Amino acid sequence: MADILWKMGAMLSSGHSSVVPINLFVALLCACIVIGHLLEEQRWMNESITALAVGLCTGVVILLTTGGKSSHLLVFSEDLFFIYLLPPIIFNAGFQVKKKQFFRNFMTIMLFGAVGTLISTATISIGATHFFKKMSIGSLRVGDYLAIGAIFSATDSVCTLQVLNQDETPLLYSLVFGEGVVNDATSVVLFHAIQSIDLSHLNSSIAAEFLGNFLYLFISSTILGVLTGLLSAYIIKKLYFGRHSTDREVALMILMAYLSYMLAELFYLSAILTVFFCGIVMSHYTWHNVTESSRITTKHAFATWSFVAEIFIFLYVGMDALDIEKWKVVSDSPGTSIMVSSILLGLVLVGRAAFVFPLSFLSNLTKKFPYEKIDIKQQVTIWWAGLMRGAVSMALAYNQFTRSGHTHLHGNAIMITSTITVVLFSTVVFGLMTKPLVRILLPSQKHTASMLSSEPSSPKSFAVPLLIRQDSEDDQASDNVPRRTSLRMFLSTPSHTVHHYWRKFDNSFMRPVFGGRGFVPFVPCSPTDQTVQQWH
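Everything numeric in this text was worked out from a predicted model, so none of it was measured.

K.L.:
Sorry, what's going on with the confidence of the model for the chain here?
P.N.:
Detailed conclusions should not be drawn from predicted coordinates in areas where pLDDT is low. When pLDDT is averaged along the chain, the result is 78; 79% of the residues meet or exceed 70. Residue range residues 445-495 is modelled with pLDDT below 50. Its contacts to residues more than four positions away, or to other chains, number 99 contacts. Considering only residues more than four positions removed or in separate chains, one finds that residues 526-536, a stretch of pLDDT under 50, has 27 contacts.

K.L.:
Explain the packing of aromatic side chains to me, please; I cannot follow it from the model alone.
P.N.:
As enumerated under the stated definition, the model contains 18 aromatic pairs in all. Aromatic side chains Phe-81 and Phe-82 sit 5.0 Å apart centroid to centroid with 75° between the ring planes, which places their arrangement in the edge-to-face category. In this structure Phe-81 comes out as buried when scored by relative accessible area, which is 2%. The exposure class assigned to Phe-82 is buried, which follows from its relative accessible area of 9%. Between the aromatic rings of Phe-102 and Phe-103, the centroid separation amounts to 5.2 Å while the plane-to-plane angle is 85°, which identifies the pairing as edge-to-face.

K.L.:
Is there a simple way to explain the packing of helix α2 (residues 19-38) against helix α3 (residues 47-65) in this structure?
P.N.:
Two numbers describe a pair of packed helices, the interaxial angle and the distance between the axes. Put simply, α2 and α3 touch, their axes get as near as 10 Å, and they point 140° apart. Here α2 is positioned oblique relative to α3, judged by the angle of their axes. As for the relative orientation of α2 and α3, their crossing is right-handed in sense. Residues Leu-24, Leu-28, Cys-32, Ile-35 and Gly-36 of α2 lie in contact with α3, whose contacting residues are Glu-47, Thr-50, Ala-51, Val-54, Thr-58 and Ile-62.

K.L.:
When you look at the packing of helix α9 (residues 170-196) against helix α16 (residues 376-385) in this model, what are you seeing that I'm missing?
P.N.:
Two elements in contact, α9 and α16, have axes whose closest approach is 10 Å; the angle formed by their N-to-C orientations is 25°. The orientation of α9 with respect to α16, classified from their angle, is roughly parallel. In this structure, α9 meets α16 at a crossing whose hand is right-handed. When α9 is examined against α16, the residues Leu-172, Leu-175, Val-176 and Glu-179 are found in contact with a partner set consisting of Gln-378, Thr-381, Ile-382 and Ala-385. Within the contact of α9 with α16, the residues separate by chemical class into five nonpolar, two polar and one charged.

K.L.:
Would you explain the nonpolar core in this entry?
P.N.:
As a rule of thumb, nonpolar side chains are buried together in soluble globular proteins. If you look at the biggest cluster of nonpolar residues, it comprises 128 residues, and the most contacted ones within it are Phe-132, Ile-148, Phe-276 and Leu-315. The element best represented in this core is α9, accounting for 14 residues. Among residues more than four places away in sequence, those in contact with Phe-132 are Ile-137, Leu-140, Tyr-145, Ile-148, Val-340, Ile-343, Leu-344 and Met-415. One finds Leu-230, Ala-233, Tyr-285 and Met-510 within the second-largest nonpolar core, a separate group that totals six residues.

K.L.:
Would you mind showing me how to read the side chain of Ser-363 here?
P.N.:
Within the secondary structure layout, Ser-363 lies in helix α15 (residues 334-365). Beyond its immediate sequence surroundings of up to four residues, Ser-363 is in contact with Thr-108, Leu-111 and Ile-374.

K.L.:
Looking at this structure, how should I read the state of the cysteines?
P.N.:
The bond known as a disulfide is covalent and runs between the sulfur atoms of two cysteines. For the structure shown, the criterion picks out zero disulfides. Free of any disulfide, Cys-32 has its nearest neighbouring cysteine sulfur in Cys-30, separated by 9.4 Å.

The rules behind the values
- Along each chain, the written sequence defines residue order, and numbers are assigned to residues from 1.
- Local features in this predicted model are restricted to residues whose pLDDT is 70 or higher, and side-chain atom pairs enter the listing and the counts only when it is 80 or higher, whereas totals over whole chains, interfaces and linings include all residues.
- Hydrogens and water are ignored here; the side-chain numbers use all heavy atoms of the structure.
- Every residue carries a pLDDT, the predictor's confidence in it, which falls somewhere between 0 and 100.
- Contacts are residue-level and defined by heavy atoms, with any inter-residue pair within 4.5 Å sufficient.
- Two aromatic rings from Phe, Tyr or Trp, using only the six-membered ring of Trp, form a pair when their centres are within 6.5 Å; if the ring planes differ by under 30 degrees the pair is stacked, by over 60 it is edge-to-face, and anything between is tilted.
- Only protein chains enter the accessibility calculation, which uses a 1.4 Å probe; a residue is then buried when its area is under 20% of its type maximum, exposed when over 50%, and partly exposed in between.
- To get an axis, a line is fitted to the C-alpha atoms, and for a helix only the part in contact is used. The angle between two axes follows their N-to-C directions and goes from 0 to 180 degrees.
- For helices the rule is a DSSP run of H or I covering at least 4 residues; for strands it is a run of E covering at least 2, with both sets numbered from the N terminus onward.
- Angle categories are assigned with fixed cut-offs, so that under 35 degrees is roughly parallel, over 145 is roughly antiparallel, 65 to 115 is roughly perpendicular, and the rest are oblique.
- Helix crossings are classified by the rotation of the near helix relative to the far one: an anticlockwise turn of less than a right angle makes the crossing left-handed, while a clockwise turn makes it right-handed.
- Residue type decides the class: Asp, Glu, Lys and Arg count as charged, Ala, Val, Leu, Ile, Met, Phe, Trp, Tyr, Cys and Pro as nonpolar, and the leftover types, Gly among them, as polar.
- What makes a nonpolar core is a set of buried Ala, Val, Leu, Ile, Met, Phe, Trp, Tyr and Cys residues whose side-chain atoms join them at distances within 4.5 Å.
- We call a pair of cysteine sulfur atoms a disulfide when they lie within 2.5 Å.

This is the structure we're talking about:
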C-alpha cells in the first residue's frame, strides 16, 4: 500500500500529473455524494462540511505521500473557480428561484445584499485599518484594506439554505437566498471597483469615480444578463429546434447561459450578476419555448451541474488549505497569524450585525401587519446565515495578495493563510451549529408557513411566473386573507401599480416576441400545454 501511495505522489511531477488530479477529484466527488447521502438525516453535518472534511483529509494524505514537498495539486486556481465552477451555481440559483417570492421581497433583498454589503465592507475595512497598522504583518496599502473589507463581506449561506425550507418559510428563505446572491455579486463588483481606481490620494473626485464605477458595473451587468436571456428565448421561439431535435435546444440553452457569463468577463463586468439575471429571464421565457422533455432535461441538468460544482469547490478549498508553501512563510510568526485571523473573524461578526439589525428595523417600518415584518428570531437567522465565508472570499484574497510575488511575501502569506483559517473555522464551526440553532429559533415552521407566505398556500401559487399572481376571482374568494399594504401592495397589487403595468407590458409586448407561458404557438410536438390558458 505504501508503494502505491509513493508512486501516486511521484506521478504528481511526471507527465501523468494531469490525469492523477482528475481521477482523484472524480473519486472524491463520488465519495462525497455517497457520504452526504448516508448523513442526510444527521443533525449536525451537511454536504458542504462533509466535502470540506474529505478535502482536508485528502490533502493530509497527499502531503504525507510526497514528504511535504509537493503542493501542485493543492494550489487554489482562481481561473478554475471563476470560469468553470461558479457559473453553474449562480445560474441555477436564478433559474430555480421562486420568482414571485424573490421579486415580492426584492427591495428588502437589495437593501440587505447591496446596501448591507457596503456597510459591512466599510466596517471591516475601518476595523482592519485600525488593528493591522499596529501589527507587523507587512506593508498594506489603502487599497489592500478596502479589498479586505470586500473579501470578507462575501458570504456563503449554503449551510443555512440547506436547513431552511422555502415552502415552509418562504419569506425567510427568499431573503437569505436573495441576499446571498446579491451579496456575492456586490462584493465582487466592489472588489473590482477598488482595484480599478487609484487610491493613493483619496478625495471627493476619487470617491465619485468609485461610486460611478460601482453603479456602472452593477447596472450594465444586469442589463447584459437580461439581454442574453431574451436573445436565447427569441432564437429558440423563432427557430424552434425541438421539432427536429431536442438535443439542439438543450445544448443552446446551456451554451447561451455560459455565454452570458463569459461575455461579462470579456467586458470586465460582474459575471455573477449577469448569469443570475440571465437565469431568471431564461426560466421566465426560454424554458417555456422548449419541448416538455427538454424542460425536464434542462431543469435537472442545471441542478446537477450546480450540485457537483458546489461539492468540487469545498473539496478544492479543503485541499488548498494545506498548501505547504504559504504556511512555511508564516511559520516564524504563528501568533501573528492567529491574531490576524481572530481579528478578521470578529470583524465579520460585527460587520454582519452592523447592517442586518438596523436594516431589518428600517424594512419593518414599511410593513403594517406583523406577519409581514422580520421578527427578531428571523433577524438572528439572517445574521447567522451570512457568517460563513467560502470560495468567493478565497478567490478574491488570492487575486489581491498574489499579484506582487505570489505568497512568498510575508504580508501576502499572512492574509492568504488568515483567509483560509476564517473560511475553515466559519464553515465548520458555524456550519455545525446552524441546524440546531435554526431549530431553536424556528421550532414550529410548518404552522407559521401560511403567515410567512403572503399568498394563499396552493400548488398554483408557487407555479405562477414572474410577478404574475392569481386571477382576480381567486382574490375575491379569499377575503379572509389579510390584505397586503405599503411596499408589498406597491410591488404586487394588480390595480394601477408596478405589477399591473408590468403584466400588461409583458403580455402585450414581451411574451408575443420572446414566448413564455401561454404565448408559444402550437405546432406538433411543441411545448405548448393546451391545458394552460393565456394570461389576460
